[in-house]
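Breakdown of the fold
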Amino acid sequence: MNAPISFDHHTHAATAPLDQIDVSDPQIYFDDAWQPYFERLRRDDPVHYVKDSPYGPYWAITKYKDIIHLEVNHKSFSSSWELGGIRIEDIPSGYERPSFILLDPPDHDEQRLVVSPTVNPINLAKMETLIRERTGHVLEALPRGEEFNWVDRVSIELTSMMLCTLFDYPVEDRRQLVYWSEVVITDVNAPNALVRSEAERFAIQMEYTEHLNKLWEERAKLPPSFDIISILAHSDRMNQMSIRERMGILTLFLVGGNDTTRNSMSGGLWGLSQFPEQLQKLRANPALVTDTVPEIIRWQTPVIHMRRTALEDVEFGGKTIRKGDKVVVWYISGNRDHTAIDRPNEFIVDRRRPREHLSFGFGIHRCLGNRLAELQLKILWEEIVRRGIEIEVLGKPVYAYSNFLRGIKSLPVGWRHNSSPPALGSRRGAHHAVDGSAPRRHLFGTHRMTVGVHLRTVTKATDSASI
Ligand code: HEM
C-alpha cells in the first residue's frame, strides 16, 4: 500500500524555499501528492532550475504552452540516447538500448515511418471487432459477490491481449509480456521493486529480446503481415539492426503499447468515481464516451514527464538554458495548467476541445499509438455503458513509485450493492450481485442504460499487494 502520508506535502509545497522544490522525487507520485508542488512552480517559477537532485541538475518546465514550445523545438532540444535519453535519469552507461523515441531526425523520422502502418486507420478498423469481443469477455468474466482488483482483472487483461495482437504473440502467454514490461519500468529504488539493479533489469530484458528475436527471425522467412515484428523483419532499414537496437524497439512497444493504456483504464474508473455528476451526464448521453476518453487520458496523464537535452544555449521563459542542460517537461503539470485548460482539476465529460491535452506529448515524437489507445478506451466505456455495468470503487488506488509513469498498481472494486447484473453480450443472465442477491433481468438497449461507478466511503487505504 502507499505509505501513510505522514509528511505534509501541502505545507511543504507552499512554504519551502523555491530552490528546495524538486519534483523528481518518486514519493510525491506514490503518495499522489504532486499537485501542490506543481501549482507552486506554475505560479512562482514556471521555468525552474533544480541545482541538486538525485538525477543531477535539471530544468523543470511546468506550463502548458512552454511544454509545447519546447517539444516542437527539437532542433535545440534533443531526445538522443547518446546525450542521456528521454527520462530524467540518464540511461545507465553500458545499458543503452536505442530506439526511435531516443533518436533525433533524420533517423527518428525514417524509423517511425517504417513501423507506423501497424496503427494506421485501416489496421485499427480491422482490430475493432476483436477488441470489442475481448472487452465483452473480460467484463462478463468479472467476479460477482466479492471484491476484486480492477487493474488486474480489466486493465492488465485488455492491454496485454492488445499487445499480443500487435506482436502476433500467443495470447495465453500474455502475462509473461506483462512481467517483462513491469521489469522494464520498475524503479529499482521502489519499496517493492521487481529488480534491484540495472544489471538485473538488463539480463531480464535480454531474455525478453532473445525470445522475441526468435519470432523476428521466423517472420523474416514468412510472407509480410501487419504485426510489428513482421513489419520490422521485412524492413530493409530495420532488419539490419543489432540485438541492442532490437531490444530498444521491442521494448518501446512493450511499454508504450501496454502500460500507458492500462493506467488510463484504471485512472478513468477512479476519475469518474470522484465526479459522480459527470458520470450521470455520461449515463444520460452515452455518445459522450467520445469526449470522455481524451478527458480520461488528460486526467490520468499516464506519462509524467519527458526529458530533452539542450543542444545550444537558449533563452527560455526569461532564463538561459545552457548547452548540455537537462530539460524536463512535466506533462502532469501542463495538463493541470488553468491558463490553458478550463477548470483543470475537474473531470469533465463534455469538455470543449478535450483532445487538447499533453498526455501524448507534442511535436515529432507525439505518441504513435494515440488512436489505438483511444480506441481501446472508447470500446471499454461503450461496453460498460451499453451493458449497464455498475461497479463500485471500494478504496483508493495504489500508485506506483515512479516519477516517469503514473502507474496504478491496484484499485479495489466490486459490483455495486443492489445493482442489476450487467446485460451480458451472451444474455444468459444468471449472475449475482455483490451482496449475493438474486439477479434482476435487464432490458438491453442503447437508451435508459444504467452505468455506475460509485465511491463507497473509504475508511481505510487499501493494502492490496502490488501486482
Ligand atoms: C493512453 C495511452 C498512451 C499514452 C498516454 C502515451 C504517451 C506517449 C508519450 C508521452 C510519448 C512521447 C511523446 C513525446 O516525446 O513528445 C509517446 C510516444 C510513443 N508511443 Fe505512446 N502513449 C500511449 C499509448 C501508446 C500505444 C497504445 C502505443 C502502441 C502502438 C504507443 C506507442 C508509442 C511509440 C512507438 C512512441 C514513440 C514515438 C516517437 O518517438 O516518434 N503509445 N507515447
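Just so you know, these numbers come straight off a predicted model, no measurement behind them.

Observations regarding unusual backbone geometry
- Cis peptide bonds are those with omega within 30 degrees of zero, and the linkage from P105 to P106 qualifies with 5°.
- Note that P106 resides in the loop between strand 3 (77-78) and helix 5 (107-115).
- Within the chain, R353 stands out as a residue other than glycine whose phi angle is a positive 50°.
- Tracing the backbone through its elements, the reader meets R353 in the loop between helix 15 (331-334) and helix 16 (370-386).

Structural notes on the nonpolar core
- In terms of nonpolar packing, the biggest core is built from 107 residues, with A60, I61, V328 and W330 touching the most fellow members.
- Among the elements that line this core, the one with the most residues is helix 7 (residues 150-167), at 10 residues.
- Those residues within four positions of V328 in sequence are excluded, and the remaining contacts are Y58, W59, A60, I61, I88, H305 and R307.

Description of the sheet that holds strand 5 (residues 305-310)
- Taken in spatial order, the 5 strands line up as 1-2-8-5-3 in an open sheet, and their pairing is mixed. Sheet topology places strand 1 (47-50) and strand 3 at the edges, where each strand pairs with a single neighbour.
- Pairing of strand 1 with strand 2 (residues 58-61), which is carried by 4 bridges, proceeds in the antiparallel orientation. Along strand 2, the bridge assignment pairs V50 with Y58.
- Sitting on the sheet, helix 4 (residues 64-72) is in contact with strand 1, strand 2, strand 3, strand 5 and strand 8 (326-330), with an inclination near 130° to strand 8.

Comments concerning the site of the ligand
- The environment of the ligand is made up of 28 residues, and the closest members are G256, G257, G361, C367 and G369.
- At the level of secondary structure, the elements contributing two or more residues to the shell around the ligand comprise helix 11 (243-256), helix 12 (259-274) and helix 16.
- Looking at the shell around the ligand, its residues break down into 15 nonpolar, 10 polar and 3 charged.

With respect to the environment of G395
- Here G395 shows up in the loop between strand 9 (390-393) and strand 10 (398-399).
- Look at G395 and you get buried, because 20 C-beta atoms sit within 10 Å.
- Expressed as a C-alpha distance, the spacing of G395 and S410, which sit 15 residues apart in the sequence, is 9.5 Å.

Calculation notes
Residues numbered from 1 in each chain as written. Predicted model: local features only at pLDDT ≥ 70, side-chain atom pairs only at ≥ 80, totals over all residues. Helix = DSSP H or I, 4+ residues; strand = E, 2+ residues; numbered from the N terminus. Core = buried A, V, L, I, M, F, W, Y, C linked by C-beta atoms within 7 Å. Buried ≥ 20, exposed ≤ 12 C-beta atoms within 10 Å, placed from the backbone. Contact = placed C-beta atoms within 7 Å. Pairing = 2+ DSSP bridges. Axes fitted to C-alpha atoms, helices over the stretch in contact; angles between N-to-C directions. Near = placed C-beta within 6 Å. Nonpolar A, V, L, I, M, F, W, Y, C, P; charged D, E, K, R; others polar.

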